[in-house]
Amino acid sequence: NPAQDLASAGSLVDEMSLLRSYLGSGGKVLLLTDSYYNTPNLDALMAEFGLTRTEGLVVEGDANHFMNGYPYYLLPDYTSPTETTALDGVDTSRHVLLQMAQGITLTETDNIVSEALLTTSNSAYSKTAGDKEDGDLDGPFALAAYARNETTEAEVIWVNCGNVDNEAAYQVVPGNCTFLQGCAASLAGQVSTVLIDSKALEAAPISVSSSVSAVLGLTFIVILPAALLAVGAVVVVLRRRK
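All chains use their own residue numbering, which begins from 1 and follows the written sequence. With the structure being a predicted model, the display of local features is reserved for residues of pLDDT at least 70 and the display and counting of side-chain atom pairs for 80 or more, all residues being used for whole-chain, interface and lining totals. As a convention, hydrogens and water are excluded, and side-chain values are obtained from all of the structure's heavy atoms.

Student: It is not clear to me how the overall build of the chain should be interpreted in this structure. Could you clarify?
Tutor: The helix and strand inventory of the chain stands at five helices and 13 strands. Exposure classes here rest on a 1.4 Å probe applied to the protein chains alone. A residue is buried below 20% of its type maximum, exposed above 50%, and partly exposed in between. A buried classification covers 39% of the 242 residues belonging to the chain. For the chain, long-range pairs separated by at least 24 residues make up 70% of all intrachain contacts whose partners lie at least 6 apart in sequence. Here the Shrake-Rupley method, with its probe set to 1.4 Å, supplies the accessible areas, and only the displayed protein chains count as covering residues. Only carbon and sulfur atoms are counted for the fraction: they give 55% of the accessible area of the chain, which is about 13,400 Å². Each helix is a run of H or I in the DSSP string that is no shorter than four residues. Each strand is a run of E no shorter than two, and both are numbered from the N terminus. Residues count as neighbours in contact if any of their non-hydrogen atoms are within 4.5 Å of one another.

Okay, structure coming up:
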């Protein structure tokens, strides 16, 4: 997750040439990027793999696909990739949480095969500022994508969310950890049918979508207390009549 762009020709160290040379020899890159940082040189390299940023931040319109009432806290769907083993052995029942993410546009490019790994719902849209308005891009959007150069065998996995590897998120949404493990294992050439988590001593928290939390909140805060009050009132009335 670079906080500044990689240096190009004319700089003290031509980082872009070094990275292109590495990829030209069949290198593998797992890239996380953040919408707060402008990285045109790195973006140009990703464009060579048919992957480009979608302008703005992705906002989820489906309550089942965002967390705690925040439509920027995305709970994307896993895809079923055929070109990479990144999701082999990953427990896809576990959500991945992407906070303040951008979309990735996949463009058909010569000698490149690419596919999405994580996607939003059809109700998502990409917003530059404020509420949804005319001109905003409609989803669905890829939020993580895989690409391979068939000539050099270079591989790239790009997750357009810089905090997906936040260790604090692992405790709340363990799917982040297993997803990144699967991505790293596939790029390292390791094929595993099962990713086994280490045993934690603390109790694992449960993550729920906004729609489920709303229903639970209504049930436990309104419906059940009202029912208990009603039952209590009936009991009091019956006792007084005796």
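Student: I would appreciate a short explanation of the sheet that holds strand β5 (residues 70-74) in the present structure.
Tutor: The pairing of strands in a sheet comes from backbone hydrogen bonds and takes either a parallel or an antiparallel form. The strand order across the open sheet formed by three strands is β4-β5-β7, and the pairing between neighbours is antiparallel. With one partner strand each, in any of the chains shown, β4 (66-67) and β7 (98-99) form the two edges of the open sheet. If DSSP finds at least two bridges between two strands, the strands pair. Sheet analysis places β5 next to β7, joined by two bridges and oriented antiparallel. Considered in β7, the bridge of Leu74 is made with Leu98.

Student: It is not clear to me how the side chain of Asn176 should be interpreted in this structure. Could you clarify?
Tutor: Take Asn176: it is sitting in helix α4 (residues 175-187). Judged by its relative accessible area of 0%, Asn176 falls in the buried class. Pairs of N or O atoms are called polar contacts if they sit within 3.5 Å, as long as, within protein, a hydrogen donor faces a hydrogen acceptor (for residues adjacent in sequence, only side-chain-to-side-chain pairs). For Asn176, the side chain forms a polar contact with the main-chain nitrogen of Leu97, separated by 2.7 Å. The contacts of Asn176, once residues within four sequence positions are left out, are His95, Val96, Leu97, Val164, Ala169 and Tyr170.

Student: I would appreciate a short explanation of the sheet that holds strand β10 (residues 125-127) in the present structure.
Tutor: One open sheet accounts for three strands, arranged β3-β10-β11; its pairing is antiparallel. Where the open sheet ends on each side, the last strands, each with one partner, are β3 (57-59) and β11 (137-138).

Student: Whenever I open this one, unusual backbone geometry confuses me. Can you help?
Tutor: The phi angle of most residues is negative, glycine excepted, and most peptide bonds adopt the trans form. In this model, Gly139 is joined to Pro140 through a cis peptide bond whose omega is 5°. Tracing the backbone shows Pro140 in the loop between β11 and β12 (142-149). Phi at Asn68 is positive, roughly 55°, even though this residue is not glycine. Considering the arrangement of structural elements, one finds Asn68 in the loop between β4 and β5.

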